[in-house]
Amino acid sequence: MERVERKLNQEERLPALDGLRGWGAITVLLFHVFCEGLPVTAESSAFLRRLLPFSGLYAVLVFFVVSGISLSYGYFKRRERQIEGLALSAGTRYLRLAIPIFAIAVAVHLTMAAGLQSSSTERMPPFTNALNFQSTTANVFRFSFFDVFFNYDSTLSYAGPMWTMSIELIGSFLLFFMLTITSKTAYHLHIILMVALVLLLSMTEAYRFYSLFLFGAVIAGVVREGYINNLSTWIFAVMLAVGVFAPIILPPAYDAWNMVAAIALTLGCIGIRPVDRVLSCNFSRLLGVISFPLYLVHGPILVLVGEPLVRIFGQTVLSRFTIDIAICAISILAAIPMISVNKLAIRTSRFCGELAAYGCSYVRTRITFYRN
């Protein structure tokens, strides 16, 4: 764990987080290609979805935990700039997500306008209803900047399953709210942990998702404070084992047990030195760079390229397997041009966040001036 602490002192976040995002995005891709969208056989789909590298369910849960760690780590590192730092983070989150979504929606809109998608009556299930709507410029803007976050309808999505975006946005703002109201107390981690436990044990699925952001904040806090150094390596090994074997043991569901397993998997990856090295290497961090673009582009590629290829040429197990591999490779290659869009979103959102932080600082200064 000394290695973890040293990295935290040198960098703004744990390098392993980028690797977790990257491999998580690969897991979602493999799940949608081999298990849900274009399975080689029904038997292979049932078998693979119980293995961690093909478990899209766990990848989504880990994404939420990692988001909580990333978004709160800067707060715990710079406690002297509490409110301004939270305002900056809150101000960046919406545009950080919306701009890349807008870019992929525009690309798909142009593809649909050119008539390059197959007719919905020709497609195999489960692609019958995908991109089966009249696309307009107004629809692109409404989907990218409002509907995907606040009024999501899977039948009107430009980028496949995007239900996670509303969870990402609301969970992020819940995290910023909790960090703000607990910033003046020495028991901020205890309070956030109690709220997270209440949400995790809730009967409402969305609340359980939000709890993962708060658990991520607790993980960031205990690592920054050094509490995690008191845990033995074998404890992290048990956590990692729980996370790895949970898809085999637990039925796939967004329940509390699966979420606990996802939290354990995240902690195990951070605490086990060889795993941390793999997730922190340049290749894993490169996958982290393309993780969000890959998440966005692979859905349209499945519909526009994968489905026609399997329908026309996928008569044998070997041909379907070959096509599936090709779709994974095409999706990764298609994500690379989106890196520039992703970077633009980061720069734009940070600029807006700095404006928000400056506004908070100015208001607080004026309030202090008038009080005195």
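Residues numbered from 1 in each chain as written. Predicted model: local features only at pLDDT ≥ 70, side-chain atom pairs only at ≥ 80, totals over all residues. Heavy atoms only, no water.

Visitor: Explain the overall build of the chain here, please?
Guide: Looking only at helices and strands, the chain features 16 helices and zero strands. The proportion of buried residues among the 372 residues of the chain is 52%. Considering only contacts within the chain whose residues lie at least 6 apart along the sequence, 79% involve residues at least 24 apart. (Helix = DSSP H or I, 4+ residues; strand = E, 2+ residues; numbered from the N terminus. Buried < 20%, exposed > 50% of the residue type's maximum accessible area, 1.4 Å probe, protein only. Contact = heavy atoms within 4.5 Å.)

Visitor: What is the right way to look at the pattern of salt bridges in this model?
Guide: Oppositely charged side chains can pair when the atoms bearing their charge come close. Overall, the coordinates contain five salt bridges when judged by the stated rule. Measuring nitrogen to oxygen at the nearest pair gives 3.8 Å for the salt bridge that ties Asp18 to Arg285. Separated by 267 residues along the polypeptide, Asp18 in helix α2 (residues 15–37) and Arg285 in helix α13 (residues 282–289) bring together distant segments of the chain. The partner of Arg142 in a salt bridge is Asp147, and the shortest N-O contact between them spans 3.5 Å. On the accessibility criterion, Arg142 (42% relative accessible area) is partly exposed. When its relative accessible area of 14% is taken as the criterion, Asp147 is described as buried. Three or more residues are tied together by salt bridges with common partners; here these are Asp18, Arg21 and Arg285. (Salt bridge = Lys/Arg side-chain N within 4 Å of Asp/Glu carboxyl O.)

Visitor: In this structure, what is going on with a nonpolar patch on the surface? I would like to understand it.
Guide: Together, Trp23, Val278, Phe283, Leu286 and Val289 make up an exposed nonpolar region whose accessible area comes to about 460 Å². Per-element tally for the nonpolar patch: the top contributor is α13, with three residues. You can see Leu286 is positioned in helix α13. Owing to a relative accessible area of 47%, Leu286 belongs among the partly exposed residues under this scheme. (Patch = residues over 30% accessible without salt bridge, like charges linked within 9 Å, V, L, I, M, F, W, Y side chains within 5 Å. Areas by Shrake-Rupley, 256 points an atom, 1.4 Å probe, with all protein chains shown as cover.)

Visitor: What is the right way to look at the packing of aromatic side chains in this model?
Guide: For any pair of aromatic rings, the description consists of the separation of the ring centres together with the inter-plane angle of the planes. Within the structure shown, the criterion is met by 19 aromatic pairs. Both rings, one in Tyr94 and one in Phe149, keep their centres 5.3 Å apart while their planes meet at 55°; by these two values the pair is tilted. Here Tyr94, found in helix α5 (residues 82–113), pairs with Phe149, found in helix α6 (residues 137–150); they are 55 residues apart in sequence, far enough to count as distant. Its relative accessible area of 25% is what places Tyr94 among the partly exposed residues. On the numbers, 6.4 Å between centres and 40° between planes, the contact of Tyr207 with Tyr210 is tilted. Of the two residues, Tyr207 and Tyr210 are both situated in helix α9 (residues 205–225); the distance of three residues between them amounts to about one turn of the helix. For Tyr210, a relative accessible area of 12% puts it in the buried group. Counting every residue linked through ring pairs, the aromatic cluster contains Phe64, Trp163, Phe209, Phe213 and Tyr254. (Phe/Tyr/Trp six-rings, centres within 6.5 Å; stacked < 30°, edge-to-face > 60°.)

Visitor: So what exactly am I meant to see when it comes to unusual backbone geometry here?
Guide: Trans is the prevailing form of peptide bonds, just as negative phi is the prevailing case for residues other than glycine. With an omega of 10°, the peptide bond between Pro125 and Pro126 qualifies as cis. Relative to the helices and strands, Pro126 is located in the loop between α5 and α6. Positive phi outside glycine occurs at Leu131, with the angle close to 55°. By the secondary structure assignment, Leu131 is in the loop between α5 and α6.

Visitor: Just checking my understanding: could you explain α13 for this structure?
Guide: Count 3.6 residues to each turn of an α-helix, and residues three or four apart come out pointing the same way. Every buried residue belonging to α13 is among Ser284, Leu287 and Gly288, and all of these are buried. Projected onto a plane normal to the axis of α13, the buried residues spread over an arc of 105° and lie on a single side. In this structure, the buried side of α13 is in contact with α2, α12 (273–280) and α14 (291–313). (Arc of directions from axis to C-beta.)

Visitor: How do you make sense of the side chain of Ser118 when you look at a structure like this?
Guide: In this structure, Ser118 sits in the loop between α5 and α6. A residue is classified by how much of its surface remains accessible, and Ser118, at 18% relative accessible area, is buried. Side chain to side chain, Ser118 and Arg311 meet in a polar contact 3.2 Å long. Leaving out residues up to four positions away in the same chain, Ser118 has contacts with Arg123, Glu307, Pro308 and Arg311. (Polar contact = N/O pair within 3.5 Å; in protein donor to acceptor, adjacent residues only side chain to side chain.)

Visitor: Sorry if this is basic, but what is going on with the side chain of Thr27 here?
Guide: Looking at the secondary structure, you find Thr27 in helix α2. If we skip the residues at most four places from it in the chain, Thr27 touches Leu52, Pro53, Phe54, Ser55, Gly56 and Ala59.

Visitor: What's the story with the packing of α2 against α12 in this structure? I'm lost.
Guide: Each packed pair of helices is defined by two parameters, the angle between the axes and the distance between the axes. Between α2 and α12, whose axes approach to 7 Å, the crossing angle comes to 75°. Judged by the angle between their axes, α2 and α12 are roughly perpendicular. Across from Pro15, Ala16, Gly19, Leu20 and Trp23 in α2, the residues of α12 making contact are Asp276, Leu279 and Ser280. Considering only residue class, the contact of α2 with α12 consists of five nonpolar, two polar and one charged. (Axes fitted to C-alpha atoms, helices over the stretch in contact; angles between N-to-C directions. Parallel < 35°, antiparallel > 145°, perpendicular 65-115°, else oblique. Nonpolar A, V, L, I, M, F, W, Y, C, P; charged D, E, K, R; others polar.)

Visitor: Looking at this structure, how should I read the confidence of the model for the chain?
Guide: Fine structural detail should not be taken from predicted coordinates in areas where pLDDT scores are low. Averaged over all residues, the pLDDT of the chain equals 87, while 88% of them reach at least 70. Put simply, helix α1 (residues 2–10) is where the chain has its lowest mean pLDDT, 40, and helix α15 (residues 317–335) is where it has its highest, 96. Scored below 50 in pLDDT, residues 1–11 makes 29 contacts in the model with residues more than four places away or belonging to other chains. (pLDDT = per-residue confidence, 0-100.)

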